[in-house]
Protein chains: 4
Amino acid sequence: MRQFSAERDWSGFHDPKSVLLALVGEVGELAELFQWLPAGTAAKLAASEPLRSRAAEELSDVLLYLILLADVLGIDLAVAANAKLSEAARRYPPGRD
Amino acid sequence: MRQFSAERDWSGFHDPKSVLLALVGEVGELAELFQWLPAGTAAKLAASEPLRSRAAEELSDVLLYLILLADVLGIDLAVAANAKLSEAARRYPPGRD
Amino acid sequence: MRQFSAERDWSGFHDPKSVLLALVGEVGELAELFQWLPAGTAAKLAASEPLRSRAAEELSDVLLYLILLADVLGIDLAVAANAKLSEAARRYPPGRD
Amino acid sequence: MRQFSAERDWSGFHDPKSVLLALVGEVGELAELFQWLPAGTAAKLAASEPLRSRAAEELSDVLLYLILLADVLGIDLAVAANAKLSEAARRYPPGRD
């Protein structure tokens, strides 16, 4: 993502609030795919085309802006997410309902 | 909104989570209009066409789904918002910085 | 809202992108109320306390930031929403489904 | 994430629309961190504590729900995002402004 932006001189636009709004835009597109699907069959419908490919694209867009935002903020997202998951595992031990 | 939905037999889709996702979709479209505008000139740019009309449409879409969600939940949105604003006025009195 | 902001000297913060992110924050709080409720019973659960009052508050917060954003942009939200609803009524005439 | 959810019997809640609303909730918390920061200094402020750690946590929460949603939908998010980035590189070649 960093190389992709630098090669295109796009990094000047990448202040955190702008990237965050772009992320919100992509989450909105993801929501539009699922909004009127019945809750019980949404996963099954999303397993078939054309919804499957469209969902994969929108999920990717959200991920790419999330990575870009982490990069703009100087945060290592993989390290941070692993720490968060470990913390969640400590706070909610399994097998205790 | 209620009449509009009823006349079209759309109310069957209107469970709260679906309407909420539709609201998220419209907020995403609103975000897309503003994401790359410079913060300092966004208001000025939005005062001119074509951004002005597009912003008005997206703000309206958010409002209409918000009203629909309130209706699905049986909440009088005007009463609730006035109560919230009165409460905020009490909690943050003016003139005390 | 305008008087409320002016009395507290808050209007300096109110550029469109900031208000839009505040709106996103409130939509997030609304989503958190409903996220794990079963789709089929969410409306019924939201008709009872304590969810009813909390939903009314979050809906109000979304509305108040939406009105503030419209005001910052110089858009008359009631006029715009009525125009949008009329246009939708033309595009999707009832009883033809 | 899959193991974490399975060990706690949480997967019953994980229909796509519910996970998507949880993702929206986390994006909202991320927005709340940045909403009133000046656009020009937001990145610098986010490089210092306490904002740095809070931003890392909220970015992680968004990522974890995004991964969970991809898993619920049976989508390999890394494969999908790489495909999307390659496609964007083709559509927007560098150095042509």
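Notes on the structure in this doc start here. (Residues numbered from 1 in each chain as written. Chains lettered and ligands numbered in written order. Predicted model: local features only at pLDDT ≥ 70, side-chain atom pairs only at ≥ 80, totals over all residues. Heavy atoms only, no water.)

1. Let's talk about a nonpolar patch on the surface
So, point 1. A grouping of W10(A), F13(A), W36(B) and Y92(D) is seen on the molecular surface, where their side chains present a nonpolar patch of about 390 Å² in accessible area.
So, point 2. Structurally, Y92(D) can be placed in the segment after α5 (77–91). (Patch = residues over 30% accessible without salt bridge, like charges linked within 9 Å, V, L, I, M, F, W, Y side chains within 5 Å. Areas by Shrake-Rupley, 256 points an atom, 1.4 Å probe, with all protein chains shown as cover. Salt bridge = Lys/Arg side-chain N within 4 Å of Asp/Glu carboxyl O. Helix = DSSP H or I, 4+ residues; strand = E, 2+ residues; numbered from the N terminus.)

2. Describing the interface of chain A and chain D
So, point 1. In this complex, chain A contributes 50 residues to the contact, which on the side of chain D involves 50 residues.
So, point 2. Between chain A and chain D the total buried area reaches about 4,200 Å² when both faces are included, carbon and sulfur atoms providing 75% of it.
So, point 3. Here chain A and chain D share four salt bridges between them.
So, point 4. Between D61(A) and K84(D) there is a salt bridge, and its shortest N-O distance comes to 2.7 Å.
So, point 5. Along the contact surface separating chain A from chain D lie twelve residue pairs in polar contact (both at pLDDT 80 or more).
So, point 6. If you list the elements that add at least two residues to the side of chain A that touches chain D, you get α1 (2–7), α2 (16–34), α3 (42–46), α4 (51–72) and α5 (77–91) of chain A.
So, point 7. The element best represented in the side of chain A that touches chain D is α4(A), accounting for 14 residues.
So, point 8. Grouping the amino acids of the side of chain A that touches chain D by side-chain chemistry returns 38 nonpolar, four polar and eight charged. (Contact = heavy atoms within 4.5 Å. Buried area = accessible area lost by both parts, 1.4 Å probe. Polar contact = N/O pair within 3.5 Å; in protein donor to acceptor, adjacent residues only side chain to side chain. Nonpolar A, V, L, I, M, F, W, Y, C, P; charged D, E, K, R; others polar.)

3. Let's talk about the interface of chain C and chain D
So, point 1. Residue-level contacts link 17 residues of chain C with 17 residues of chain D.
So, point 2. Together, the buried faces of chain C and chain D total about 1,300 Å²; carbon and sulfur atoms form 67% of this surface.
So, point 3. Linking chain C to chain D there are zero salt bridges.
So, point 4. Counting the contacts that link chain C with chain D gives two residue pairs in polar contact (both at pLDDT 80 or more).
So, point 5. Per-element accounting of the side of chain C that touches chain D gives the leading share, twelve residues, to helix α2 (residues 16–34) of chain C.
So, point 6. For the side of chain C that touches chain D, a count of residues per class yields nine nonpolar, five polar and three charged.

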